[in-house]
Amino acid sequence: MKLEEWLTALGLFAVVAVVVFAISPSDLWQGGGSAAPASLAVQAGQAGLLPVTGVQPPVQGVAAAMVQSVPSTQPLRITRPQPGLMPFEQAAQVRFSGTIQQISELQQQDGQIHLWLNDPLGQEQHLSVAPAWFLHYMGCSLQHDAAISGTGFRFDKSNNKALIYVKKLIIGRNVCHMRNDEGFALWSNQLR
């Protein structure tokens, strides 16, 4: 045989070997053989399944799964927060309601419409709603002295008068969704 024929045969053998290793079960190459542990056979028998034997019964179209914890030989890895970082906590959802006292678009800050409400107790609430184009797209028109209500997020837990980021805004019978359950803006392309 020529050198080219040996190289071709060796290449084909390598491809077949890679395919065999890729489709073979992962526990085939580990020590201990392919027999199931006795505890799994007992658990399978207790669960109403057939015990593990050398002959497999025909598939009958019923899917069954057993979850068994496998003892790990590696130590449990505990992650500790890095200095200067805080662990993640879900932002508190708050309800708001009242009449709109002021509507402003803060282009220099965040480009969103901000509202100041007077709630039924006479307290003032500051809301960050959404960009004007998104409100227009959603069909949510804001008017001075309109009664609104809804839910939002207050990310600053230490200040009860902190800015509320609107999640859902109710204007009359119209319900407008501005943010998802995690507080991400629905007008952002980061959700794709």
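This write-up is about the structure you can find in this document. Quick caveat, the model's predicted, so the values are computed rather than measured. (Residues numbered from 1 in each chain as written. Predicted model: local features only at pLDDT ≥ 70, side-chain atom pairs only at ≥ 80, totals over all residues. Heavy atoms only, no water.)

A word on the overall build of the chain
Thinking step 1. Broken down by element type, the chain carries 3 helices and 6 strands.
Thinking step 2. Ordering the α and β elements of the chain from the N terminus gives α-α-β-β-β-α-β-β-β.
Thinking step 3. Of all 192 residues assigned to the chain, the portion counted as buried reaches 24%.
Thinking step 4. The long-range fraction of contacts in the chain, counting pairs at least 24 apart against all pairs at least 6 apart in sequence, stands at 46%.
Thinking step 5. Carbon and sulfur atoms form 59% of the exposed surface of the chain, whose accessible area is close to 15,100 Å². (Helix = DSSP H or I, 4+ residues; strand = E, 2+ residues; numbered from the N terminus. Buried < 20%, exposed > 50% of the residue type's maximum accessible area, 1.4 Å probe, protein only. Contact = heavy atoms within 4.5 Å. Areas by Shrake-Rupley, 256 points an atom, 1.4 Å probe, with all protein chains shown as cover.)

Some remarks on the pattern of salt bridges
Thinking step 1. Enumeration according to the criterion identifies 1 salt bridge in this entry.
Thinking step 2. One salt bridge in this structure joins D181 and K167, with 2.6 Å as the shortest N-O distance. Of this pair, D181 sits in the segment after β6 (174-177) while K167 sits in strand β5 (residues 164-171); the two residues are 14 residues apart in sequence, bridging distant segments of the chain. (Salt bridge = Lys/Arg side-chain N within 4 Å of Asp/Glu carboxyl O.)

Looking at the side chain of D119
Thinking step 1. Tracing the backbone shows D119 in the loop between β2 (112-118) and β3 (124-128).
Thinking step 2. No salt bridge is formed by the buried D119, whose closest oppositely charged neighbour, R154, lies at an N-O distance of 8.2 Å.
Thinking step 3. Every residue in contact with D119, bar those within four places of it in the chain, is listed here: S97, G98 and Q125. (Lys, Arg positive; Asp, Glu negative; His and termini not counted.)

Section: the packing of aromatic side chains
Thinking step 1. Counting across every chain of the model gives 5 aromatic pairs.
Thinking step 2. Taken together, a centroid distance of 6.0 Å and an interplanar angle of 25° make the contact between F153 and F155 stacked.
Thinking step 3. For F153, a relative accessible area of 0% gives the class buried.
Thinking step 4. Chaining the aromatic ring pairs together yields one cluster made of W133, F134, Y137 and W187. (Phe/Tyr/Trp six-rings, centres within 6.5 Å; stacked < 30°, edge-to-face > 60°.)

A word on the nonpolar core
Thinking step 1. In terms of nonpolar packing, the biggest core is built from 23 residues, with I148, L169 and M178 touching the most fellow members.
Thinking step 2. Where this core is concerned, the elements lending two or more residues are β1 (92-106), β2, α3 (132-138) and β5.
Thinking step 3. With 4 residues, β5 is the largest single contributor of residues to this core.
Thinking step 4. Apart from residues no more than four positions distant in its own chain, I148 is found in contact with F96, S97, G98, I100, L115, L117, L127, L169, I170 and I171. (Core = buried A, V, L, I, M, F, W, Y, C linked by side-chain atoms within 4.5 Å.)

Comments concerning a nonpolar patch on the surface
Thinking step 1. A contiguous nonpolar patch, built from V15, V19 and I23 and spanning about 300 Å² of accessible area, is present on the exposed surface.
Thinking step 2. Position of V15 among the secondary structure elements: in helix α1 (residues 3-23). (Patch = residues over 30% accessible without salt bridge, like charges linked within 9 Å, V, L, I, M, F, W, Y side chains within 5 Å.)

Observations regarding the pairing of β3
Thinking step 1. Taken together, the 5 bridges between β2 and β3 define a ladder with antiparallel strand orientation. Residue pairing in the sheet places N118 in a bridge with E124 of β3.
Thinking step 2. Joining the antiparallel neighbours β2 and β3 is a turn of 5 residues, in which G122 adopts a positive phi near 85°.
Thinking step 3. Note: β3 against β5, 2 bridges, orientation parallel. Opposite S128, over in β5, you have Y165 as the bridge partner. (Pairing = 2+ DSSP bridges.)

A closer look at the side chain of Q112
Thinking step 1. One can find Q112 in strand β2.
Thinking step 2. Separated by 2.6 Å, the side chains of Q112 and S128 make a polar contact.
Thinking step 3. Reaching out from Q112, the side chain makes a polar contact with the side chain of R179 at a distance of 3.2 Å. (Polar contact = N/O pair within 3.5 Å; in protein donor to acceptor, adjacent residues only side chain to side chain.)

Observations regarding the pairing of β6
Along any regular strand the residues' side chains alternate between the sheet's two faces.
Thinking step 1. Relative to β6, β5 runs antiparallel, the two sharing 4 bridges. The residue bridging I171 from the neighbouring strand is N174, located in β6.
Thinking step 2. Between β5 and β6, which pair antiparallel in sequence order, lie 2 residues; one of them, G172, sits at a positive phi of approximately 65°.

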